Amino acid sequence: MRQLYDYFRSSAAYRVRIVLQLKGLSYESINVSLLDNVHQSTRYTRYNAQGLVPTLVEDDGVMLTQSLAICEYLDETYPLPSILPWDAVGRARVRALAQTIACDIHPLNNLRVLRYLEQNLGLSAAKKITWYHHWVIAGFDALELQLQQTRGEYCYGDAVTLADVCLVPQVYNALRFHCDMTSYPTIMEISNNCLNQYAFLNASPEHNFNLREGL
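Residues numbered from 1 in each chain as written. Predicted model: local features only at pLDDT ≥ 70, side-chain atom pairs only at ≥ 80, totals over all residues. Heavy atoms only, no water.

> Honestly, the overall build of the protein chain in this entry has me stumped. Any pointers?
Secondary structure assignment for the protein chain yields 10 helices and five strands. Its C-alpha atoms give the protein chain a radius of gyration of 17 Å, near enough to 17 Å, the size a compact globule of 215 residues would have. Taking all 215 residues of the protein chain together, 50% fall into the buried category. If you take every contact in the protein chain between residues at least 6 apart in sequence, the share linking residues at least 24 apart comes to 69%. A gap of 7 Å separates the mean positions of the 17 positive and 21 negative side-chain charges of the protein chain. (Helix = DSSP H or I, 4+ residues; strand = E, 2+ residues; numbered from the N terminus. Rg over C-alpha atoms; globule rule 2.2 N^0.38 Å. Buried < 20%, exposed > 50% of the residue type's maximum accessible area, 1.4 Å probe, protein only. Contact = heavy atoms within 4.5 Å. Lys, Arg positive; Asp, Glu negative; His and termini not counted. Charge placed at Lys NZ, Arg CZ, Asp CG, Glu CD.)

> Is there a simple way to explain the domain arrangement of the protein chain in this structure?
In many analyses, interface size is given as the accessible surface area lost on bringing the parts together. You can read the domains of the protein chain as domain 1 (3-81 + 201-207) and domain 2 (88-199). Taking only C-alpha atoms, the centre of domain 1 and the centre of domain 2 are 19 Å apart. The partner domain 2 presents 20 residues to the 21 residues of domain 1 that form the contact. Carbon and sulfur atoms make up 61% of the area that domain 1 and domain 2 hide from each other, which totals about 2,000 Å². Counting the surface domain 1 buries against domain 2, the share from its top three residues, Arg15, Leu68 and Leu201, is 30%. The interface formed by domain 1 and domain 2 includes one salt bridge. (Domains from an automatic or database assignment. Buried area = accessible area lost by both parts, 1.4 Å probe. Salt bridge = Lys/Arg side-chain N within 4 Å of Asp/Glu carboxyl O.)

> Would you explain the state of the cysteines in this entry?
Note on terminology: disulfide describes a covalent bond linking the sulfur atoms of two cysteines. In total, this model carries zero disulfides according to the counting rule given. Looking at the unpaired Cys103, the closest cysteine sulfur is the one in Cys166, lying at 8.3 Å. Cys103 gets classed as partly exposed once you look at its relative accessible area, which sits at 44%. In this structure Cys194 is not part of a disulfide, and its nearest cysteine sulfur, from Cys155, lies 6.2 Å away. With relative accessibility at 0%, the residue Cys194 sits in the buried group. (Disulfide = S-S within 2.5 Å.)

> What is the right way to read the nonpolar core from this model?
The nonpolar side chains of soluble globular proteins are, as a tendency, buried together. Formed by 52 residues in total, the largest nonpolar core has its most connected members in Phe140, Leu162 and Ile187. Sorting the residues of this core by element identifies helix 1 (11-22), helix 3 (67-77), helix 4 (88-105), helix 5 (111-120), helix 6 (125-150), helix 7 (162-176), helix 8 (185-194) and helix 9 (198-202) as the ones contributing at least two each. Ranked by the residues each element gives to this core, the list is headed by helix 7, at nine residues. Counting contributing residues per domain, this core is built from domain 1 (3-81 + 201-207) and domain 2 (88-199), each supplying no fewer than three. With near-sequence residues (within four places) excluded, Ile187 lies in contact with Phe140, Leu143, Glu144, Leu147, Leu167, Val171 and Met181. (Core = buried A, V, L, I, M, F, W, Y, C linked by side-chain atoms within 4.5 Å.)

> Is there a simple way to think about the UniProt feature "domain: GST N-terminal" (unreviewed entry) in the protein chain in this case?
This chain's UniProt record puts "domain: GST N-terminal" (unreviewed entry) on residues 1-82. Secondary structure across residues 1-82 comprises 33% helix and 17% strand; the distance between its end C-alpha atoms is 23 Å. (UniProt positions renumbered as here; feature names shortened; annotations may be inferred.)

Right under this line is the structure:
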């Protein structure tokens, strides 16, 4: 069976879980505990040299890393329902929205960055949260404006796309770190629309907390 090396609160792994759920693909989830540093162990780096989650291992042994690459691979291999528009302009716009989140917002506030700020640079917990909020606000300020130009029920029109797959985990994390989301009505409405779908609910951290064997 397909295996997903996963951590329930990882935004990147959450994206892949959403796509697997959207496409109705079965998989075994294997917990790679980031809090216990399992991702840095040789048990795991033989699967992913970066020591990051997720890693997807297909039935035939094909091993893939990087969440956006995995999501697009799944979309190309299992085309329906598609998470990218049919036209080149639409695909470019959806990728731009997705990359705004996955490349510009998320890397500045993921666990390894927050740990480095606190453990290596000596930032207090309060200053670490200030860092987190600053970069989420900077990203969401721009994203809110972008989405006002592209949205329908979802980030790009009225079908779920890769942009939504990236949006929901980032909103989840922002709420977990107590970001004030009142300035982002478009972002919140779209996120809530997504969470009305079983695929997004079944991929949620709460739903996946107790569903995995550990590495």
